Amino acid sequence: MDIFKTSTGVSKVEVISPKNYLNATGKKSPYCHVNQMGKESLFAVCPLCENPIQIIGLYKSTLESGRKPYGKHCRKTIPGLAEYNETDYLDCPFSNPTWQQDDGKRKPESRIAKKMLSLLAEQFDRVIYILSKDTDIKISTALATKMLEAYIANEGWRYKTATMNNLPWVLGEVAKAYPLFGRRIRKDSELYCAIEKLCPEVLLQDDNTGSYSKVLSNGKQYVNLNFVFVDHSINVQDDHLNETIDFWVFRGRAPKIETIYRKKIQIRTDYFFNLISLPEKRSYRNQKLLEVASKILKNRLTTEV
Amino acid sequence: MKDATDEIYHNRAKSDSGKFQDVTDCDSCLEELVFAMKDKHHEFSLGLSTVLHCLSIAEREGYVPKLPPEWWWDVRQY
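Described below are features of the structure shown in this document. All figures in this text were calculated on a predicted structure; none of them were measured in a lab. (Residues numbered from 1 in each chain as written. Chains lettered and ligands numbered in written order. Predicted model: local features only at pLDDT ≥ 70, side-chain atom pairs only at ≥ 80, totals over all residues. Heavy atoms only, no water.)

## Looking at the overall build of chain B
Next, step 1: In terms of helices and strands, chain B carries three helices and three strands.
Next, step 2: Reading the secondary structure of chain B in the N-to-C direction produces α-β-β-β-α-α.
Next, step 3: If one aligns the C-alpha atoms of chain B with their principal axes, the spans along those axes are about 35 × 35 × 25 Å.
Next, step 4: The buried share of chain B, taken over its 78 residues, is 23%.
Next, step 5: Contacts in chain B between residues at least 24 apart in sequence constitute 24% of all its contacts with a sequence separation of at least 6.
Next, step 6: For chain B, the exposed area adds up to about 5900 Å²; of that, 58% sits on carbon and sulfur atoms.
Next, step 7: With 9 positive and 15 negative side-chain charges, chain B shows a separation of 8 Å between the mean positions of the two kinds. (Helix = DSSP H or I, 4+ residues; strand = E, 2+ residues; numbered from the N terminus. Buried < 20%, exposed > 50% of the residue type's maximum accessible area, 1.4 Å probe, protein only. Contact = heavy atoms within 4.5 Å. Areas by Shrake-Rupley, 256 points an atom, 1.4 Å probe, with all protein chains shown as cover. Lys, Arg positive; Asp, Glu negative; His and termini not counted. Charge placed at Lys NZ, Arg CZ, Asp CG, Glu CD.)

Printed below as a string of C-alpha cells:
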C-alpha cells in the first residue's frame with residue numbers, strides 16, 4: 001500500500017514518503033522500534049483495516065529499489081499503536097495481491113464493524129453533509145432518518161467494503177432508491193442542468209435562498225425520478241487504492257430505466273477526516289441530525305460495541 | 001374485527017371542502033401531500049401515504065378493483 005495513517009479511527013491518511021512519514025511520526029515510539037543490533041523498523045496503521053503495518057524502503061531511492069516506499073501488514077500487535085485483528089486483515093484490499101472485492105459482510109467479531117456504529121453516532125451530521133455535497137441534493141432530516149434506518153436494518157457497518165473513512169458513501173450505498181420529487185437540488189449544478197434538459201415533466205422551482213430549486217411536477221405529468229448509489233468499486237493497483245461509487249438519477253423502472261444523470265464519485269479518504277478534524281469553533285454541527293442518530297443507534301451501540 | 005357500533009367507526013372523518021396542501025417543504029417527514037379533514041370533534045390532516053395504505057387494504061380486501069402492480073411500483077410513497 002502507498003498510504004498510511006498514524007492512529008486507528010478516523011485519522012489523516014497520507015501517501016508514504018520520507019517527508020510525510022517523518023513529519024507525521026517524529027520517528028518516535030511507537031512508530032520507530034530499534035532492535036538490540038540497532039536496526040530500526042518503522043510502523044504505522046493501515047488506513048483500511050486499522051491493523052499495524054511496517055513501512056518498507058523509506059530511505060531507499062526509487063532508482064535503487066525500483067520501487068517507492070510502501071506499507072505492508074506486519075500481522076502482529078504493535079503496542080501503543082494498533083492491535084492486530086486477523087478478521088479485518090483478511091478482508092483488507094491491501095492484504096495480498098490476489099485480493100478481490102467481496103461484497104459480503106464482515107464477521108461479528110470484526111473490530112472495524114463495531115467501531116463504525118460509534119463513529120456514525122458521533123458524526124452523522126457530517127456524513128449527511130458529505131452526501132449532500134457530493135450529490136447536490138439537500139438531504140432533509142426525514143430522508144436522513146430513513147437512510148439511517150436502512151443502514152441499521154441491513155447492517156451497513158458489516159459491509160466488507162465499509163471502512164472508517166468511507167462511511168458517508170457506504171451509508172448511501174446501503175440505502176435503496178429514493179424519489180427525487182420534492183427534493184431540493186443545487187441550482188445550476190450538473191444534476192440541475194440534466195433535469196432541466198431531459199425532464200419536461202419537471203418544474204424546477206427556486207426556493208427562497210436562491211441557491212436551491214425544488215423538483216416538482218409541471219402540473220400535467222407524474223414525476224418518476226429516483227436516485228441511488230451503485231457500483232461501489234475498490235481496487236488496488238501498484239499499491240495505490242482507487243475507490244469510487246456511482247451516484248445515479250434515473251426515470252422509470254426496469255426494463256425501461258432511463259438514465260437522467262450519472263456521476264462517478266471519487267471517494268477521497270481524507271475528506272471525511274478533514275471535516276471531523278475541524279476545530280470546534282470552526283465547525284457547524286447539526287444537532288437535530290445528531291439527536292436522530294443518538295436515538296436510533298442507542299440500542300445498537302449497547303449490543304454491538 | 002371491531003364492532004361497527006364502536007365510537008371509532010361512527011366518528012367518520014370527511015374531507016374539509018377538498019382542501020389539501022403540498023408539504024414537500026417539511027424537513028421532518030417524507031409526506032408530499034396532506035388533506036384537510038374534519039370529524040365530529042377535530043380538524044386535522046391526513047397524509048397521502050396513509051390514504052395509499054388504506055387503498056392497498058381496500059384492494060386486498062376486494063373493496064376496489066385490483067390495480068395493476070406497475071401502478072403500485074411507480075407510486076413514490078408506497
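## Here we look at the packing of aromatic side chains
Given two aromatic rings, one states the distance between the centres and the angle between the planes to describe the pair.
All names here are of chain A.
Next, step 1: Going through the model one piece at a time under the given rule, you end up with nine aromatic pairs over all chains.
Next, step 2: Here tyrosine 178 and phenylalanine 227 contribute two aromatic rings whose centre-to-centre distance is 6.4 Å and whose plane-to-plane angle is 45 degrees, an arrangement assigned as tilted. Taken together, the positions of tyrosine 178 in strand β8 (residues 178-179) and phenylalanine 227 in strand β12 (residues 225-237) put the pair 49 residues apart, joining distant regions of the chain. Note on accessibility: tyrosine 178 and phenylalanine 227 belong to one class, buried. (Phe/Tyr/Trp six-rings, centres within 6.5 Å; stacked < 30°, edge-to-face > 60°.)

## Some points on the pairing of strand β13 (residues 240-251) of chain A
Remark: a regular strand shows side chains that alternate across the two faces of the sheet.
Residues and elements named next belong to chain A.
Next, step 1: The element β13 is largely enclosed, with a buried count of ten among its twelve residues.
Next, step 2: Summarising the sheet, β12 and β13 pair through eleven bridges and their orientation is antiparallel. Of the residues in β13, the one forming a bridge with valine 228 is tryptophan 248.
Next, step 3: With antiparallel pairing between neighbouring strands as the criterion, β12 and β13 make up a hairpin whose turn holds two residues, including aspartate 238 at a positive phi of roughly 50 degrees.
Next, step 4: In this antiparallel pair of consecutive strands, β13 and strand β14 (residues 258-266), the connection spans six residues, and glycine 252 shows a positive phi of 80 degrees. (Pairing = 2+ DSSP bridges.)

## Some points on the interface of chain A and chain B
Next, step 1: If you look at the interface, chain A gives 17 residues, while chain B gives 13 residues.
Next, step 2: Taking both sides of the interface into account, the surface hidden between chain A and chain B amounts to around 1300 Å²; carbon and sulfur atoms contribute 46%.
Next, step 3: Considering only the surface of chain A that becomes buried against chain B, A:Phe181, A:Tyr222 and A:Arg253 emerge as the three largest contributors, covering 38% of it.
Next, step 4: Remark: the boundary between chain A and chain B carries five salt bridges. (Buried area = accessible area lost by both parts, 1.4 Å probe. Salt bridge = Lys/Arg side-chain N within 4 Å of Asp/Glu carboxyl O.)

## Let's talk about the sheet that holds strand β11 (residues 212-217) of chain A
Residues and elements named next belong to chain A.
Next, step 1: What the four strands build is an open sheet, ordered β7-β9-β11-β10; its pairing is antiparallel. For this open sheet the edge positions go to β7 (137-138) and β10 (202-206), each flanked by a neighbour on one side alone.
Next, step 2: Here two bridges tie β7 to strand β9 (residues 184-186), and the two strands are oriented antiparallel to one another. Paired with lysine 138 across the two strands is arginine 184, which belongs to β9.
Next, step 3: Of the strands in this sheet, β7, β9, β10 and β11 are in contact with helix α7 (residues 190-198), which crosses β10 at around 135 degrees. (Axes fitted to C-alpha atoms, helices over the stretch in contact; angles between N-to-C directions.)

## Quick look at the sheet that holds β13(A)
Strand-to-strand pairing in sheets goes through backbone hydrogen bonds, with the strands running parallel or antiparallel.
Residues and elements named next belong to chain A.
Next, step 1: Pairing is antiparallel across the open sheet formed by four strands, whose spatial order is β8-β12-β13-β14. Looking at strand neighbours, the two that pair on one side only are β8 and β14, the edges of this open sheet.
Next, step 2: This element, α7, spans β13 and β14 of the sheet and lies at about 170 degrees to β14.

## Things to note about the nonpolar core
Next, step 1: Grouped together as the largest cluster of nonpolar side chains are 92 residues, with contacts concentrated most on A:Ile55, A:Phe124, A:Tyr151, A:Leu180, A:Ile185, A:Ile195 and A:Phe247.
Next, step 2: Per-element accounting of this core gives the leading share, twelve residues, to helix α4 (residues 111-135) of chain A. (Core = buried A, V, L, I, M, F, W, Y, C linked by side-chain atoms within 4.5 Å.)

## Section: the pattern of salt bridges
Next, step 1: Counted by the stated rule, this structure contains 26 salt bridges over all chains.
Next, step 2: Residue A:Lys214 is joined to B:Asp25 by a salt bridge in which the shortest nitrogen-to-oxygen separation is 3.0 Å. Here A:Lys214, found in strand β11, pairs with B:Asp25, found in the loop between β1 (14-22) and β2 (33-38), and the two come from separate chains.
Next, step 3: By relative accessible area, A:Lys214 is classed as buried at 6%.
Next, step 4: As a salt-bridge pair, B:Lys38 and B:Asp16 come within 3.9 Å of each other at their nearest N and O atoms. Residue B:Lys38 is located in strand β2, and its partner B:Asp16 is located in strand β1; the two are separated by 22 residues in the primary sequence.
Next, step 5: Taking the relative accessible area as the measure of exposure, B:Lys38 reaches 38% and is therefore partly exposed.

## Looking at the packing of α4(A) against helix α5 (residues 141-153) of chain A
All names here are of chain A.
Next, step 1: The interhelical angle for the contact between α4 and α5, taken along N-to-C directions, is 140 degrees, at an axis separation of 11 Å. Put simply, α4 runs oblique to α5. In this structure, α4 meets α5 at a crossing whose hand is right-handed. Here α4 contributes Met116, Leu117, Leu120, Phe124, Ile128 and Leu131 to the contact with α5, which in turn contributes Ala144, Met147, Leu148, Tyr151 and Ile152.
Next, step 2: Looking at the contact of α4 with α5, its residues break down into eleven nonpolar, no polar and no charged. (Parallel < 35°, antiparallel > 145°, perpendicular 65-115°, else oblique. Left-handed = near helix turned anticlockwise from the far one by under 90°. Nonpolar A, V, L, I, M, F, W, Y, C, P; charged D, E, K, R; others polar.)

## Examining the pairing of β14(A)
Next, step 1: Pairing between β13(A) and β14(A): eight bridges, direction antiparallel. Each residue of the ladder has a partner; that of A:Ile245, found in β14(A), is A:Ile265.

Read these as spatial facts, not as claims about activity.
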